[in-house]
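These are the residues of each chain, in order.
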Amino acid sequence: MTARILDGKTISQRIVAQLAERTKLLISQGKRSPTLAVVLVGDNAASAIYVRNKKNACEKAGIRSISHELPSSTTQVALLDLVNQLNTDPEVDGILVQLPLPAHIDADAVTAAIDPAKDVDGFHSYNIGRLAQKMPLLRPCTPKGMMTLLEETGEDLVGKNAVVVGASNIVGRPMALELLMARCTVTVCHSATKELAEHVKRADIVVAAVGRPQFVKGDWIKPGAIVLDVGINRLDDDRITGDVEFEVAKEKASWITPVPGGVGPMTVASLMENTFIAAGLLED
């Protein structure tokens, strides 16, 4: 068996093109396009690339993007003041503060300060709580994008055994909630998990989100499993690889995401969808 590729790049392009058509219709009706405010603090090179990709996606989707690029010396008080200004600006539908923030700024405090109705990253405790109660509003973008990929397989998820490797607040925990909402039986593995390979070997769906290159071995994958690889790791030879041993895993899985071009583009597409949802122009 050779796995079919879940092409996140192509799927995300389709989603963004559909959003662009919605924007054209809005403008033809004399209405404004959705507006996303993006805040970047400091000069983290990776963050700058992510923000640029998000701005490019905004342009393609017809979303108005407002950029606030602040120096690394920006104080927490100043950043919170900016967030409060954006919260009360009726022209701003969504707010994204790019993480990580400089060490002297409490990222949790900044996330908590964002109006949950404008929290297009889906990180606010209110939005996570709604997801936990099966009443999601703005969902975390990476898990949301992965659920879209699972829908693309056409497979019935009900009753499947899902294993999430990684328990971060951004990916692992909300992905577990998404899978629970889809009526999967979910196991979350982390650094203290014993016999990790045995958990993965029983999984119909594997989500790898640990940030360690090829950490999930290909021979752990159950024949016919669906594999979603969140990892983006740069090797010493400058190659990019995921958290899964792809070449081996693809010979056992039924579906698998590539790295790059799998989950990453879906995260950005989900951000675009969330901006429309925050603007009241799309239902999830």
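Please read these numbers as outputs of a predicted model, since none were measured by experiment.

Visitor: Mind showing me how you'd approach the pairing of strand 3 (residues 64-70) here?
Guide: Across seven bridges, the pairing between strand 2 (residues 35-41) and strand 3 is parallel. When the bridges of strand 3 are listed, Val 38 appears paired with Ser 67. Between the parallel pair strand 2 and strand 3, the chain is carried across by helix 2 (residues 45-61), and the sense of this crossover is right-handed.

Visitor: Even after reading the chapter, I still don't get the pairing of strand 6 (residues 185-189), so can you show me in this structure?
Guide: Two faces, one strand: in a regular strand the side chains alternate between the faces of the sheet. As paired elements, strand 5 (residues 161-165) and strand 6 share five bridges and run parallel to each other. Counterpart to Asn 161 in the pairing with strand 6 is Thr 185. Crossover strand 5 to strand 6 through helix 7 (residues 172-181) is right-handed.

Visitor: So what exactly am I meant to see when it comes to the pattern of salt bridges here?
Guide: When the charged atoms of two side chains lie near each other, side chains of opposite charge can form a pair. Considering all chains together, one arrives at 13 salt bridges under this definition. Between Arg 14 and Glu 152 there is a salt bridge, with its nearest N and O atoms 2.4 Å apart. Here the residue Arg 14 occupies a position in helix 1 (residues 8-28), and Glu 152 occupies one in helix 6 (residues 141-153), the gap between them amounting to 138 residues. According to the relative accessible area criterion, Glu 152 is partly exposed, its value standing at 33%. As a salt-bridge pair, Glu 247 and Lys 250 come within 3.0 Å of each other at their nearest N and O atoms.

Visitor: What exactly am I supposed to notice about helix 3 (residues 76-88) here?
Guide: Side chains that are three or four residues apart share a direction in an α-helix, a result of its 3.6 residues per turn. Given a rise of 1.5 Å per residue, 13 residues ought to cover 18 Å, and the 19 Å separating the end C-alpha atoms of helix 3 matches this to within 8%. Every buried residue of helix 3 is listed here: Leu 79, Leu 82, Val 83, Leu 86 and Asn 87. Take helix 3 and look down its axis: the buried residues cluster within an arc of 145°, on one side only. Turned more than 90 degrees off the buried face of helix 3, the exposed positions are Val 77, Gln 85 and Thr 88.

Visitor: Teacher, can you tell me more about the UniProt feature "binding site: NADP(+)" (unreviewed entry) in the protein here?
Guide: The feature "binding site: NADP(+)" (unreviewed entry), as annotated in UniProt, sits at Gly 166, Ala 167, Ser 168 and Ile 232 in this numbering. By the element assignment, Ser 168 lies in the loop between strand 5 and helix 7. When near neighbours in sequence (up to four residues on either side) are disregarded, Ser 168 contacts Arg 173 and Pro 174. Here the side chain of Ser 168 touches Val 171 through a polar contact of 3.0 Å, landing on its backbone nitrogen. Considering the arrangement of structural elements, one finds Ile 232 in the loop between strand 8 (226-229) and strand 9 (233-234). What makes Ile 232 exposed here is its relative accessible area of 52%. Among residues more than four places away in sequence, those in contact with Ile 232 are Ile 240, Thr 241 and Val 259.

Visitor: Any chance you could explain the UniProt feature "domain: Tetrahydrofolate dehydrogenase/cyclohydrolase NAD(P)-binding" (unreviewed entry) in the protein here in plain terms?
Guide: On the UniProt side, "domain: Tetrahydrofolate dehydrogenase/cyclohydrolase NAD(P)-binding" (unreviewed entry) is annotated at positions that read residues 140-279 here. The span residues 140-279 is 35% helix and 17% strand, and its two end C-alpha atoms sit 17 Å from each other.

Visitor: Would you explain unusual backbone geometry in this entry?
Guide: Glycine aside, residues mostly have negative phi angles, and peptide bonds mostly take the trans form. Across the junction of Leu 99 and Pro 100, the peptide omega takes the value 5°, indicating a cis bond. Tracing the sequence through the fold places Pro 100 in the loop between strand 4 (94-97) and helix 4 (107-113). Within the chain, Gln 214 stands out as a residue other than glycine whose phi angle is a positive 50°. Note on Gln 214: relative accessible area 28%, which makes it partly exposed. For Asp 238, which is not glycine, the phi torsion reads 80° and is therefore positive. With respect to the helices and strands, Asp 238 occurs in the loop between strand 9 and strand 10 (240-241).

The rules behind these values
- Residues numbered from 1 in each chain as written.
- Predicted model: local features only at pLDDT ≥ 70, side-chain atom pairs only at ≥ 80, totals over all residues.
- Heavy atoms only, no water.
- Pairing = 2+ DSSP bridges.
- Helix = DSSP H or I, 4+ residues; strand = E, 2+ residues; numbered from the N terminus.
- Right-handed = clockwise from strand over helix to strand, strands pointing away.
- Salt bridge = Lys/Arg side-chain N within 4 Å of Asp/Glu carboxyl O.
- Buried < 20%, exposed > 50% of the residue type's maximum accessible area, 1.4 Å probe, protein only.
- Expected span 1.5 Å × (residues − 1).
- Arc of directions from axis to C-beta.
- UniProt positions renumbered as here; feature names shortened; annotations may be inferred.
- Contact = heavy atoms within 4.5 Å.
- Polar contact = N/O pair within 3.5 Å; in protein donor to acceptor, adjacent residues only side chain to side chain.

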